[in-house]
Amino acid sequence: GFHLKTMPANIPLSLFTALTAVDVGKRSRAAVQLAQSAARVQIEYSGAINSEPAATGEGNDGQPFCDGKLSGDITYTLKRLIRGMASSSLASRQGNAAALTLIIDNLDAISIDDCIAFGFDCLQVTGSTKGAEERDGLIGRVTFAQALSSTSRLQEASDEKLVMIHRLHIKLIC
């Protein structure tokens, strides 16, 4: 399952709250500030990784996400943004998607294939999911796929991962 194990030490939590604002300008500013904070944290982490062991983020399987190239704060941020796309609030979905797209575009350490697999895993809708929770999960997957489609790095995805996104779009149409 999905668990947020630790809070980010170097990314202001208020930015996550601002991503849910009804005011588009406030959401947009929060998305840009979150992407800037994430870039700063990742640069610091990348410099520290060569000099001493640092806390890495884990994927849902307990293994280092993106081969340990991402800080724990970045992994936390990605999980929170991806899960936020399954919110019942349109503003929250839009804010989280905008921030995710900016972060993916600006952090080369994020593997597109890992991010796609991670996102689909985080937004998994099981047979026991019912009603509004099922609807929000499916909307989350669609929002996630749209955010990925908006990134300038989608061409880096493997054919297998692109098929996952394509199948989701086909499933929604049919």
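Residues numbered from 1 in each chain as written. Predicted model: local features only at pLDDT ≥ 70, side-chain atom pairs only at ≥ 80, totals over all residues. Heavy atoms only, no water.

### Remarks on the packing of helix H3 (residues 72-84) against helix H4 (residues 90-106)
Geometry of a packed helix pair, given as the angle between the helix axes and the separation of the axes. Look at H3 against H4: their axes get within 8 Å of each other, and the N-to-C directions meet at 140°. At the point where H3 passes H4, the crossing takes the left-handed sense. On H4, the residues that touch Thr-77, Leu-78, Arg-80, Leu-81, Ile-82 and Gly-84 of H3 are Ser-92, Arg-93, Asn-96, Ala-99, Leu-100 and Ile-103. Per-class residue counts for the contact of H3 with H4 are 6 nonpolar, 4 polar and 2 charged. (Axes fitted to C-alpha atoms, helices over the stretch in contact; angles between N-to-C directions. Helix = DSSP H or I, 4+ residues; strand = E, 2+ residues; numbered from the N terminus. Left-handed = near helix turned anticlockwise from the far one by under 90°. Contact = heavy atoms within 4.5 Å. Nonpolar A, V, L, I, M, F, W, Y, C, P; charged D, E, K, R; others polar.)

### Details of H3
Given a rise of 1.5 Å per residue, 13 residues ought to cover 18 Å, and the 18 Å separating the end C-alpha atoms of H3 matches this to within 8%. Judged by how many residues are buried, H3 sits mostly within the fold: 10 of 13 residues are covered. Of all the positions in H3, only Asp-73, Ile-74, Thr-75, Tyr-76, Thr-77, Leu-78, Lys-79, Leu-81, Ile-82 and Gly-84 are classed as buried. (Expected span 1.5 Å × (residues − 1). Buried < 20%, exposed > 50% of the residue type's maximum accessible area, 1.4 Å probe, protein only.)

### Considerations on the environment of Arg-27
Tracing the backbone through its elements, the reader meets Arg-27 in helix H2 (residues 24-49). Residue classification places Arg-27 among the buried residues on the basis of a relative accessible area of 8%. Sequence-distant contacts of Arg-27, defined by excluding residues within four places in its chain, comprise Ala-18, Leu-19, Thr-20, Ala-21, Val-22, Ala-91, Gln-94 and Gly-95.

### With respect to the side chain of Arg-141
Counting through the fold element by element, Arg-141 comes out in helix H6 (residues 131-150). If near-sequence neighbours (up to four positions away) are discounted, Arg-141 is found in contact with Phe-120, Leu-123, Gln-124 and Leu-168.

### A closer look at the packing of aromatic side chains
This model, assessed by the stated rule, comprises 2 aromatic pairs. Relative to Tyr-76, the ring of Phe-16 has its centre 5.9 Å away and its plane inclined at 80°; by these criteria the two rings are edge-to-face. Here Phe-16, found in helix H1 (residues 13-18), pairs with Tyr-76, found in helix H3; they are 60 residues apart in sequence, far enough to count as distant. On the basis of relative accessible area, Phe-16 is assigned to the buried category, the value being 3%. Centroid distance Phe-120 to Phe-144: 5.9 Å. Interplanar angle 80°. Geometry classified as edge-to-face. Taken as a pair, Phe-120 in helix H5 (residues 112-122) and Phe-144 in helix H6 lie far apart in primary sequence, 24 residues in all. When its relative accessible area of 8% is taken as the criterion, Phe-120 is described as buried. Owing to a relative accessible area of 0%, Phe-144 belongs among the buried residues under this scheme. (Phe/Tyr/Trp six-rings, centres within 6.5 Å; stacked < 30°, edge-to-face > 60°.)

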